[in-house]
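A structural walkthrough
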Amino acid sequence: MNDPFRLWSYLAQEPLLWLTVTLAAYVIADWTSDRLGRHPVANPVLIAILIIAAVLGVSDTRFETYFEGAQFVHFMLGPATVAMAVPLHANLGRVKRVLAPMAVALVAGSLTAILSALGIAYALGLRGEALVSLAPKSATAPVALGVSEAIGGEPTLTAVLVILTGITGAIVATPLLNALRIKDWRARGFAVGLAAHGIGTAHAFRVNSTAGAFSGIGMGLNALLTAFLAPLVVTLLL
Amino acid sequence: MIRNIAILLAFQLLGETLARGAGLSVPGPVIGLGALFLTLLAVPGLAARMRDTADGLLAHLSLLFVPAGVGVTAHLALFAESGLVLAAAVIGSTVLAILVAVGAFVLTARLTGAQGDE
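Residues numbered from 1 in each chain as written. Chains lettered and ligands numbered in written order. Predicted model: local features only at pLDDT ≥ 70, side-chain atom pairs only at ≥ 80, totals over all residues.

Secondary structure assignment for chain B yields six helices and zero strands. Mapped in sequence order, the helices and strands of chain B form the string α-α-α-α-α-α. Against the compact-globule benchmark of 13 Å for 118 residues, chain B has a radius of gyration of 20 Å, which places it well outside the compact range. The principal-axis extent of the C-alpha atoms belonging to chain B is close to 50 × 50 × 30 Å. Burial analysis of chain B (118 residues in total) assigns 42% to the buried set. (Helix = DSSP H or I, 4+ residues; strand = E, 2+ residues; numbered from the N terminus. Rg over C-alpha atoms; globule rule 2.2 N^0.38 Å. Buried ≥ 20, exposed ≤ 12 C-beta atoms within 10 Å, placed from the backbone.)

Right, dumping it as structure tokens:
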């Protein structure tokens, strides 16, 4: 193994290398995001993706090879989705008090997210797999990826769209809702979590703890509803 | 902790089995989520025992979608061609969803008298 090229060709084929790169990139990205005051644009997922994409580009590695190692991280999305039942159950008491407003906002908001994304993209000429991949983009990533795969979208494209949606929500929510003079933190948080999932929820927690809690509920409920609505909408309309 | 992970995996397996078996377009883990939620309603003690594991897993949720996100490198041609359309759809629909959801929440709260923060 004195030949560095032989060493590289060995390592590049093993899961260990790309698993390590994934975790290391995330640690660097998280540190960078922290140093930048957790600004919504400095999203750790986005930074980690850019780092890894650069490494893959420089080392001329195919995505499939990378994913052989990274799939161990990817796999945990499934159990993490199931685990969302626990915080949803813990928030049950707060949900009961505003059941009607939440139910109406959930259905209206979830439908708006799916239909407007498809509508805007269709009107601008987008068709096929890329269009379908947009449908579940407001749901939290593990659910959105599963839905995308189930309805004939491209899960890796949906993953990027989900992240961009979260960043958009985290950036626009506060100025938008302040301009409209919405003062109910429950409504503000719920809407942000519904539209912009975990990234929006992390932002909501920094603004107000009630908004954060309701954002988490909005995210969880919209994950469930999108799993039913997105396939339905795509089947009926496309 | 191992027991909690076993429970999560068992519910995911149940969900995947139901989803594939019945040919549903709802992802298996989402069915597992629903089934675990119903189980927690029936067995409230289980929720307290699972909290630490669930919180630990969800605290690092963003790490978990890095590998799929790196898949964008396989779609650079699409982003070069349709990046503006995708951006318009993402930004437009996110703003609209926030506006509609917050409007619906505030109006319904007003109508049902569930106003006032806690």
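Moving on, there is more to tell.
The helix and strand inventory of chain A stands at 13 helices and zero strands. C-alpha extents for chain A along the principal axes are approximately 70 × 40 × 35 Å. In chain A, which comprises 238 residues, the share counted as buried stands at 56%. Within chain A, contacts between residues at least 6 apart in sequence are counted, and of these 64% link residues at least 24 apart. (Contact = placed C-beta atoms within 7 Å.)

Turning to the domain arrangement of chain A, a few remarks are in order. All names here are of chain A. In terms of domain boundaries, chain A breaks down into domain 1 (4–75) and domain 2 (82–237). Domain 1 and domain 2 are separated by 27 Å when their C-alpha centres are compared. Contact with domain 1, which involves six residues of that partner, is made by seven residues of domain 2. A per-class count over the side of domain 1 that touches domain 2 returns four nonpolar, one polar and one charged. (Domains from an automatic or database assignment. Nonpolar A, V, L, I, M, F, W, Y, C, P; charged D, E, K, R; others polar.)

Quick look at the interface of chain B and chain A now. Every contact between the two is made by 64 residues of chain B and, on the other side, 95 residues of chain A. Residue assignment for the side of chain B that touches chain A shows that the elements contributing at least two residues are helix 1 (2–22), helix 2 (28–42), helix 3 (44–59), helix 4 (61–64), helix 5 (66–70) and helix 6 (76–112) of chain B. In the side of chain B that touches chain A, the residues fall into 46 nonpolar, 15 polar and three charged.

Let us look at the packing of helix 1 of chain B against helix 2 of chain B. Residues and elements named next belong to chain B. With their axes 7 Å apart at the nearest point, helix 1 and helix 2 run at an angle of 120° to one another. Considering their axes alone, helix 1 and helix 2 lie oblique with respect to each other. Where helix 1 crosses over helix 2, the two elements pack in a sense that is right-handed. Two secondary-structure elements touch here, helix 1 through Phe11, Gln12, Leu14, Gly15, Glu16, Leu18 and Ala19 and helix 2 through Gly28, Pro29, Val30, Ile31, Gly32, Ala35 and Leu36. Along the lines of polarity and charge, the residues of the contact of helix 1 with helix 2 split into nine nonpolar, four polar and one charged. (Axes fitted to C-alpha atoms, helices over the stretch in contact; angles between N-to-C directions. Parallel < 35°, antiparallel > 145°, perpendicular 65-115°, else oblique. Left-handed = near helix turned anticlockwise from the far one by under 90°.)

The biggest cluster of nonpolar side chains holds 117 residues, and the ones touching the most others in it are Ala48(A), Ala85(A), Ala117(A), Phe190(A), Ala191(A), Ala101(B) and Phe105(B). Per-element accounting of this core gives the leading share, 13 residues, to helix 13 (residues 209–237) of chain A. Excluding its chain neighbours within four sequence positions, the residues that come into contact with Ala85(A) are Leu33(B), Leu36(B), Phe37(B) and Leu40(B). (Core = buried A, V, L, I, M, F, W, Y, C linked by C-beta atoms within 7 Å.)

Our next topic: unusual backbone geometry. Residue and element names in this part refer to chain A. Even without being a glycine, Arg38 presents a positive backbone phi close to 55°. For Arg38, the position within the fold is in the loop between helix 2 (15–35) and helix 3 (44–58). For Arg38, a count of 15 C-beta atoms within 10 Å puts it in the partly exposed group. Of note in the backbone geometry, Arg181 takes a positive phi value of approximately 55° without being a glycine. Examined against the element boundaries, Arg181 turns out to sit in the loop between helix 11 (155–179) and helix 12 (185–207). For Arg181, a count of 6 C-beta atoms within 10 Å translates into the label exposed.

Turning our eyes to something else, we now look at the environment of Ile151(A). Looking at where Ile151(A) falls in the secondary structure, it is placed in the loop between helix 10 (141–150) and helix 11. The class for Ile151(A) is buried, based on 20 C-beta atoms found within 10 Å. Along the chain, Ile151(A) and Ser133(A) lie 18 residues apart, while their C-alpha atoms are 8.4 Å from each other. If we ignore the near neighbours within four places in the chain, the residues touching Ile151(A) are Val132(A), Ala135(A), Ala230(A), Pro231(A), Val234(A) and Ser25(B).

Our next topic: the packing of helix 8 (residues 99–123) of chain A against helix 13 of chain A. Residues and elements named next belong to chain A. Interhelical geometry of helix 8 versus helix 13 gives an angle of 50° and a closest axis separation of 10 Å. In terms of axis orientation, helix 8 runs oblique to helix 13. Seen along the crossing, helix 8 lies across helix 13 with a hand that is right-handed. Two secondary-structure elements touch here, helix 8 through Leu106, Ser110, Leu111, Ile114 and Leu115 and helix 13 through Leu221, Asn222, Leu225, Thr226, Leu229, Ala230 and Val233. Per-class residue counts for the contact of helix 8 with helix 13 are nine nonpolar, three polar and no charged.

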